[in-house]
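Read off the chains here:
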Amino acid sequence: MENTGPSTKQGATFLVVANRLPVDRIVREDGKVDWQTAPGGLVTALEPVMKQRGGAWVGWHGAPDEEVEAFEHDGYTVEPVPLSAEEVEEYYEGFSNATLWPLYHDAVAFPEFHREWFDAYERVNQRFAERAAEVAADGASVWVQDYQLQLVPRMLRELRPDLNIGFFLHIPFPPMELFQQLPWRRQIIEGLLGSDLVGFQMPGGASNFLRLVRRRTEHKVDRDRAIVKRNGDHECVARAYPISIDSKSFSDLAQAEETKAEAQELLEELGHPSMIVLGVDRLDYTKGLRQRVRAMGELFEEGKLDPNEVVFLQIATPSRERVEEYRRLRDDIDLLVGRINSQIGGVGRPPIVYRHQSFPRATLAAMYQLADIMLVTPLRDGMNLVAKEYLACHSGPDGALVLSEFAGAARELRQAYMVNPYDLDGMKEAIMHAATDPQREKRRRFRALKKQVAENDISKWADRFLSDLDDHGKGPARGKTSADETPSMHFVDGEQTSQG
Ligand code: ADQ
């Protein structure tokens, strides 16, 4: 991948615009200010892209009521956008995480609709658009990220019609029947239509979106694109680009001597069990933790898994703790794990080792190395990078991935042991299947899965998206080619689903 976007005096020729910067500003106990990598899938995915391409990353720095100057970081410019405490509450915790997040994830929690939250969302989106407009060079490519910023593409196009504007949604795009609940559905669709290219994790997301455009707006839809008639026509192409990870750097990390030593220490701490079952998630109700812990608890209770031999290690990163649903989930999991451990455990190590904390990437890699079975069982997930990280890091030939049908990753990782996380008995069966499958069969599945992740990494994903953006964009920095020259499908196969 060439370095297409250094910052210049005239502005950056490549920009990422995301709610959060890849680094959080933290103030240490001694008052010293420091920056540390922000957790979450978006940063894991985009940081390597940015390091390679250079340019500018526009986003919030994670601390409210604070203006921070732009600075250089890892070869690109960080452009912090300020948010007030009230905006964090209404735009971020409110509209983004208590309205859009549950609505886009099959309404697995009840979405709340408040007009003042949307007002804040609009105001903050405008601020992001203005900052991007200020720092982008003529004809630059701007890549807007995720559900917090869906109004930015249109706002940005109005400010800077010369730019190539791409948008990528990291979470599912819901079916029309659900999306239509949203009182501000028209603004969101029009916001996204400001893009030259809108990317989704799944083909179903792209078709859900185009169906809405056809039914709910006056714009024409032709195959995979909407023809938007406003301020001069433009075409907005909608396609699937399943995201991945920097596979090589994860597998190198897992192979490093320090990581292997850390894995040995961990094994010691766990008392050398004969089987380690692992879960790694942000503590989020979409990740299916309640169901997973119950399934494992029942397997221990019924004696199908021996607590002296098997340990279930569940890591949950604290997340969105000021949102009510998340606090409730945290309490539920604490209670559930406590109950199971007190009923089943002996005096030694408990059957469920639960850690509610964030770990350095090297420690996660050590855990992935050790895990005989990886449980990834979300109720709904755009992709789920943890599944791919496990496959990149686990080097033994006998790993096993138990994967929810409702994770985007299930579409590519077909050799996983698939589960419907709502079906507790089915999930227990799949876990036992993974635990008892003959070695030959396990190895066959695992080899195929590892190959998939090694061959489809994050740079392939970014290159595909950005080269399509170059093809469809209209800025003078990139030549426009005939849309018909580009193959219209970029996903693994052409199957269409109703979920995005
Ligand atoms: P997330 O919902 O954040 O991402 P996921 O894709 O699983 O979900 O990424 C989580 C990231 O956080 C992983 O890189 C993982 O290693 C890291 N992480 C998890 N637990 C951790 C811990 N205890 N300590 C440190 N790091 C931890 C959103 C969408 C996903 C989509 C991604 C990328 O919801 O569906 O895959 O964006 O598009």
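Each value, and the rule that gives it
- Residues numbered from 1 in each chain as written.
- Predicted model: local features only at pLDDT ≥ 70, side-chain atom pairs only at ≥ 80, totals over all residues.
- Heavy atoms only, no water.
- Near = heavy atom within 4 Å.
- Polar contact = N/O pair within 3.5 Å; in protein donor to acceptor, adjacent residues only side chain to side chain.
- Areas by Shrake-Rupley, 256 points an atom, 1.4 Å probe, with all protein chains shown as cover.
- Pairing = 2+ DSSP bridges.
- Helix = DSSP H or I, 4+ residues; strand = E, 2+ residues; numbered from the N terminus.
- Axes fitted to C-alpha atoms, helices over the stretch in contact; angles between N-to-C directions.
- Expected span 1.5 Å × (residues − 1).
- Buried < 20%, exposed > 50% of the residue type's maximum accessible area, 1.4 Å probe, protein only.
- Contact = heavy atoms within 4.5 Å.
- pLDDT = per-residue confidence, 0-100.
- Core = buried A, V, L, I, M, F, W, Y, C linked by side-chain atoms within 4.5 Å.
- Salt bridge = Lys/Arg side-chain N within 4 Å of Asp/Glu carboxyl O.
- Phe/Tyr/Trp six-rings, centres within 6.5 Å; stacked < 30°, edge-to-face > 60°.
- Lys NZ or Arg CZ within 6 Å of the ring centre and 35° of its normal.
- Parallel < 35°, antiparallel > 145°, perpendicular 65-115°, else oblique.
- Left-handed = near helix turned anticlockwise from the far one by under 90°.
- Nonpolar A, V, L, I, M, F, W, Y, C, P; charged D, E, K, R; others polar.

Engineer: Give me the lowdown on the site of the ligand, citing residues and values where you can.
Structural biologist: Lining the immediate surroundings of the ligand are 25 residues, of which His170, Thr317, Asp381, Met383 and Glu389 lie closest. The contact in question runs from a nitrogen atom of the ligand to an N or O atom on the backbone of phenylalanine 359, over 2.8 Å. One nitrogen or oxygen atom from the side chain of aspartate 381 is found 2.5 Å from an oxygen atom belonging to the ligand. Protein contact buries 94% of the 720 Å² of open area that the ligand shows by itself.

Engineer: Kindly report on the sheet that holds strand β18 (residues 400-404), identifying the contributing residues and their values.
Structural biologist: Overall, parallel pairing links the six strands, which are arranged β16-β15-β14-β17-β18-β19 in an open sheet. Each edge of the open sheet carries a strand with a single partner, namely β16 (352-355) and β19 (417-419). Here the strands of the sheet are splayed against their neighbours by 20 degrees on average, with no regard to which way each runs. As judged from the three bridges shared by β18 and β19, these two strands associate in the parallel manner. From the neighbouring strand, valine 402 faces β19, where its bridge partner is tyrosine 417.

Engineer: Provide a residue-level description of helix α3 (residues 115-135), including the pertinent values.
Structural biologist: Over its 21 residues, α3 extends 31 Å from the first C-alpha to the last, a length consistent with the 30 Å expected when each residue adds 1.5 Å. When α3 is considered as a whole, its buried residues turn out to be Trp117, Phe118, Ala120, Tyr121, Val124, Asn125, Phe128, Ala129, Arg131, Ala132, Ala133 and Val135.

Engineer: Can you break down the side chain of serine 247 residue by residue, with the values?
Structural biologist: With respect to the element layout, serine 247 can be found in helix α8 (residues 247-255). Looking at serine 247, its side chain comes within polar contact range of the main-chain oxygen of valine 453, at 2.7 Å. Look past the residues within four positions of serine 247 in its chain and what remains in contact with it is Ala392, Val453, Ala454 and Asp457.

Engineer: How would you explain the confidence of the model for the protein if you had to name every residue and give the values?
Structural biologist: Mean pLDDT for the protein: 90, with 92% of residues reaching 70 or above. Low pLDDT, under 50, characterises residues 1-9; the stretch is placed with 23 contacts to residues that sit more than four places away or in other chains. Here residues 475-499 is a poorly scored stretch, pLDDT under 50, and it has 59 contacts once near neighbours within four places are set aside; other chains count.

Engineer: An account of helix α16 (residues 458-472) is requested, with residue identities and associated values reported.
Structural biologist: Spanning 15 residues, α16 covers 21 Å between terminal C-alpha atoms, matching the ideal 21 Å at 1.5 Å per step. Along α16, the positions that sit buried rather than exposed are Ile458, Trp461, Ala462, Phe465, Leu466, Asp468, Leu469, Asp471 and His472.

Engineer: Tell me about the nonpolar core, and name the residues and values.
Structural biologist: Leu15, Phe128 and Phe209 are the most contacted members of the largest nonpolar core, which totals 101 residues. The greatest single-element share of this core, amounting to 10 residues, is contributed by α3. Sequence-distant contacts of phenylalanine 128, defined by excluding residues within four places in its chain, comprise Val17, Ala18, Asn19, Val58, Gly59, Trp60, Val81, Tyr91, Leu149 and Val152. Within the second largest apolar cluster, 65 residues are counted, among which are Leu46, Tyr241, Met374 and Ala392.

Engineer: Help me get a handle on the pattern of salt bridges, residues and values and all.
Structural biologist: Summed over the entire model, instances satisfying the criterion amount to 42 salt bridges. Salt-bridge contacts for aspartate 222 lead to arginine 223; the nearest nitrogen and oxygen are separated by 3.9 Å. In this structure, the salt-bridge partner of aspartate 252 is lysine 248, at a minimum N-O distance of 2.7 Å. Linking aspartate 252 with lysine 248, this pair stays in helix α8, spanning four residues, or about one helical turn. Residue lysine 248 is classed as exposed on the basis of its relative accessible area, which comes to 55%.

Engineer: Quick one: what's the story with the packing of aromatic side chains, residue by residue and with numbers?
Structural biologist: Applying the stated criterion across every chain, the model contains 26 aromatic pairs. Relative to tyrosine 121, the ring of phenylalanine 95 has its centre 4.7 Å away and its plane inclined at 55 degrees; by these criteria the two rings are tilted. Here phenylalanine 95, found in helix α2 (residues 85-104), pairs with tyrosine 121, found in helix α3; they are 26 residues apart in sequence, far enough to count as distant. Taken together through their ring pairs, the aromatic side chains of Tyr91, Phe95, Phe113, Phe118, Tyr121 and Trp184 make up a single cluster. Its guanidinium or amino end placed over the ring of phenylalanine 14, arginine 53 lies 5.8 Å from that ring's centre, counting from NZ or CZ. Positioned above the aromatic ring of tyrosine 417, the side-chain terminus of arginine 445 is 3.9 Å from the ring centre.

Engineer: Describe unusual backbone geometry, naming the residues involved and giving the relevant values.
Structural biologist: In this structure, aspartate 146 is a non-glycine residue whose phi angle is positive, near 75 degrees. With respect to the helices and strands, the residue aspartate 146 is situated in the loop between β8 (136-145) and α4 (152-159).

Engineer: Lay out the side chain of arginine 53 with the relevant residues and their values.
Structural biologist: Mapped onto the secondary structure, arginine 53 falls in helix α1 (residues 41-53). A polar side-chain atom of arginine 53 sits 3.0 Å from a polar atom in the side chain of aspartate 463.

Engineer: An account of the packing of α3 against α4 is needed here, citing residue identities and associated values.
Structural biologist: Where α3 contacts α4, the axes come no closer than 9 Å and their chain directions differ by 45 degrees. Of the possible angle classes, the one that applies to α3 and α4 is oblique. For the element pair α3 and α4, the recorded crossing hand is right-handed. Only Val152, Met155, Leu156 and Leu159 of α4 make contact with α3, whose side of the interface consists of Glu122, Asn125, Gln126, Phe128, Ala129, Glu130, Ala132 and Ala133. For the contact of α3 with α4, the class distribution of residues is eight nonpolar, two polar and two charged.

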